[in-house]
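Read off the chains here:
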Amino acid sequence: MLREELDAKQKRRIAMAIKIAHFPVVKTVEEFDFKFQPSIDGKLVRELATGHFIAHADNVLVFGPPGVGKTHLAIALGRTAIETGHSVLFVTATALLASLSQAHAKGHFGDQLGFFAKPKLLVIDELGYLPLERATANLFFQLVAKRYERGSILLTTNQPVTEWGQVFGDETIAAAILDRLLHHSHTLVIKGESYRLKNKTRAGLLGRDR
Ligand code: ADP
Ligand code: MG
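Residues numbered from 1 in each chain as written. Chains lettered and ligands numbered in written order. Predicted model: local features only at pLDDT ≥ 70, side-chain atom pairs only at ≥ 80, totals over all residues. Heavy atoms only, no water.

1. Observations regarding the layout of surface pockets
This is how it is decided: The definitions used throughout rest on a 1 Å grid laid over the protein atoms alone, on which a cavity is an enclosed set of points accommodating a 1.4 Å probe that cannot get out and a pocket is an open set flanked by protein within 12 Å on both sides along at least five of seven lines; lining residues are those having an atom within 4 Å of a point. Grid points are joined across faces, edges and corners, and a volume is the space filled by probe spheres set on the points. Here a helix means four or more residues in a row that DSSP labels H or I, a strand means two or more in a row labelled E, and each is numbered from the N terminus. Each residue gets one of three labels, nonpolar for Ala, Val, Leu, Ile, Met, Phe, Trp, Tyr, Cys and Pro, charged for Asp, Glu, Lys and Arg, and polar for the others, Gly among them.
In this model, the largest pocket occupies a volume close to 430 Å³. As for the largest pocket, its lining consists of 21 residues, and the residues nearest its centre are Gly 67, Val 68, Gly 69, His 72 and Arg 196. Put simply, the parts of the chain that give the lining of the largest pocket at least two residues each are helix H4 (70-83) and strand E3 (121-127). Ranked by the residues each element gives to the lining of the largest pocket, the list is headed by H4, at four residues. When its residues are assigned to classes, the lining of the largest pocket shows eight nonpolar, six polar and seven charged. Sorting the residues of the lining of the second largest pocket by element identifies helix H1 (3-21) and strand E2 (88-92) as the ones contributing at least two each. Residues of the lining of the second largest pocket, tallied by class, amount to six nonpolar, one polar and one charged.

The structure is reproduced here in structure tokens:
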């Protein structure tokens, strides 16, 4: 095959995989301003962008308060994962847990679990905004256990691990989930001000310098 045909084929594959991944918006690593968020290990982000962590079924945990770029990085790394040949699915924690609960109630939990276990990288965005029922936390545990050492999870959360007992409504389930997520993992802890509010903070809208 000619080089151009190969390139065109590759581009079509990437475009199709991006559709299947269901990213909510387009974000890239290049667009991310690392200078604005010096707490982020840029070297680690670039290493993660090679997709090697997916070949090892490692997880990535992104911690930080609202507006610091967690979702941006999650989408951007989802895209680079696709570009390096891996299947990806992006889902918010709320949507993921709602579909697992619904499937459980309707008696086809196994199929739904299989669906979320399939992509090489599952991006789960915004865990921790709402506390979960213990039964829901247990369904989440089953997903994490099913993917453990088989497929990567990239998870973003506004809650430090010390609060996960609260998030999952049960310390034991939280510990079991964390144990598996952290075993082979890379963590990005973002400490800094919200990118969304940066101009407003500067304009004095928030009443004080943060
Ligand atoms: P979080 O998920 O942590 O709440 P987001 O990733 O949604 O934050 O970021 C909020 C907005 O600010 C998005 O439009 C995102 O693209 C942008 N943003 C955040 N941090 C940066 C950054 N360091 N460089 C460029 N854009 C950023
Ligand atoms: Mg977010």
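Still to come is the rest of the account.
2. Here's the deal with the packing of aromatic side chains
As a reminder, the rule being used: Ring pairs are drawn from Phe, Tyr and Trp, using the six-membered ring of Trp, whenever the two centres fall within 6.5 Å, and their geometry is named by plane angle: stacked under 30 degrees, edge-to-face over 60, tilted for the rest. Whether a residue is buried, partly exposed or exposed follows from its accessible area with a 1.4 Å probe, protein chains only, as a fraction of its type maximum: under 20%, in between, or over 50%, in that order. The criterion for a charge sitting over a ring is simple: Lys NZ or Arg CZ within 6 Å of the ring centre, and within 35 degrees of the ring normal.
Enumeration according to the criterion identifies seven aromatic pairs in this entry. Here the aromatic rings of Phe 36 and Tyr 195 are separated by 4.9 Å at their centres, their planes lie at 85 degrees, and the arrangement is edge-to-face. Residue Phe 36 is found in the loop between H1 and helix H2 (42-48), and its partner Tyr 195 is found in the loop between strand E5 (185-189) and helix H10 (198-202); the two are separated by 159 residues along the sequence. Note on Phe 63 and Trp 164: the rings are 6.4 Å apart at their centroids and 45 degrees apart in plane angle, and the pair reads as tilted. One end of the pair, Phe 63, is in strand E1 (residues 59-63); the other, Trp 164, is in helix H8 (residues 164-168), with 101 residues separating them in the sequence. Pair check on accessibility: Phe 63 and Trp 164 agree, each one buried. A cation over a ring is seen here: Arg 46 above Phe 34, with NZ or CZ 5.5 Å from the ring centre.

3. Quick notes on helix H7 (residues 134-147)
Each α-helix turn comprises 3.6 residues. Residues three or four places apart therefore point the same way. Here is the rule we go by: To estimate the expected span of a helix, subtract one from its residue number and multiply by 1.5 Å. By definition, residues are in contact when any of their heavy atoms lie within 4.5 Å.
The first and last C-alpha atoms of H7 sit 20 Å apart over 14 residues, in line with the 20 Å expected at 1.5 Å per residue. Where H7 is buried, its residues contact helix H5 (93-106), helix H6 (109-117), E3, strand E4 (152-157), H8 and helix H9 (171-183). At the C-terminal side of H7, Glu 149 shows a positive phi close to 65 degrees.

4. What to know about the side chain of Arg 147
Our working rule: In this tally, Lys and Arg are treated as positive and Asp and Glu as negative; His is ignored, and so are the chain termini. Each reported salt bridge corresponds to a side-chain nitrogen of Lys or Arg within 4 Å of a carboxyl oxygen of Asp or Glu. Under the rule applied, a polar contact is a pair of N or O atoms within 3.5 Å (in protein, one hydrogen donor and one hydrogen acceptor; residues adjacent in sequence only if both atoms are side-chain atoms).
On the secondary structure map, Arg 147 appears in helix H7. Of the side chains with opposite charge, Asp 58 comes closest to the buried, unpaired Arg 147, at an N-O distance of 12 Å. Reaching out from Arg 147, the side chain makes a polar contact with the backbone oxygen of Ala 117 at a distance of 3.1 Å. Those residues in contact with Arg 147 that lie beyond four places of it in its chain are Phe 116, Ala 117, Lys 118, Pro 119, Lys 120, Leu 121, Leu 122, Ser 152 and Ile 153.

5. Some remarks on the sheet that holds E3
Inclusion rule: The rule for pairing is simple: two strands pair if DSSP sees at least two bridges between them. Only the contacting stretch of a helix is used when fitting its axis, a line to C-alpha atoms as for every element, and angles between N-to-C directions run 0 to 180 degrees.
Spatially, five strands are ordered E2-E3-E4-E1-E5 in an open sheet, and the strand pairing comes out parallel. The open sheet has two edge strands with one neighbour each: E2 and E5. If you compare each strand with its neighbour and ignore which way they point, the axes differ by 10 degrees on average. Here E1 runs beside E4; their pairing, made up of four bridges, is parallel. Residue pairing across strands places Phe 63 opposite Thr 157, the latter belonging to E4. Across the sheet, H5 touches E2 and E3, and the angle it forms with E2 is around 90 degrees.

6. Quick notes on the site of ligand 1
Put simply, the test is: Near is defined per residue: the residue qualifies when any heavy atom it owns lies within 4 Å of the molecule or strand. Under the convention used here, a 1.4 Å probe and the Shrake-Rupley method define accessible areas, while residue burial counts only the protein chains that appear. The way we define it, a molecule is inside a pocket or cavity when more than half of its atoms are within 2 Å of that pocket's grid points.
If you check the shell around ligand 1, you find 14 residues, and the closest are Asp 33, Gly 67, Lys 70, Thr 71 and His 72. Between Asp 33 and ligand 1, the recorded distance is 2.8 Å, taken from a backbone N or O atom to a nitrogen atom. In this structure, Thr 71 approaches ligand 1 through a side-chain N or O atom, which is 2.8 Å from an oxygen atom. Here ligand 1, which alone exposes 560 Å², has 88% of that area covered by the protein. More than half of the atoms belonging to ligand 1 lie within 2 Å of the grid points that define the largest pocket. In the shell around ligand 1, the residues fall into five nonpolar, four polar and five charged.

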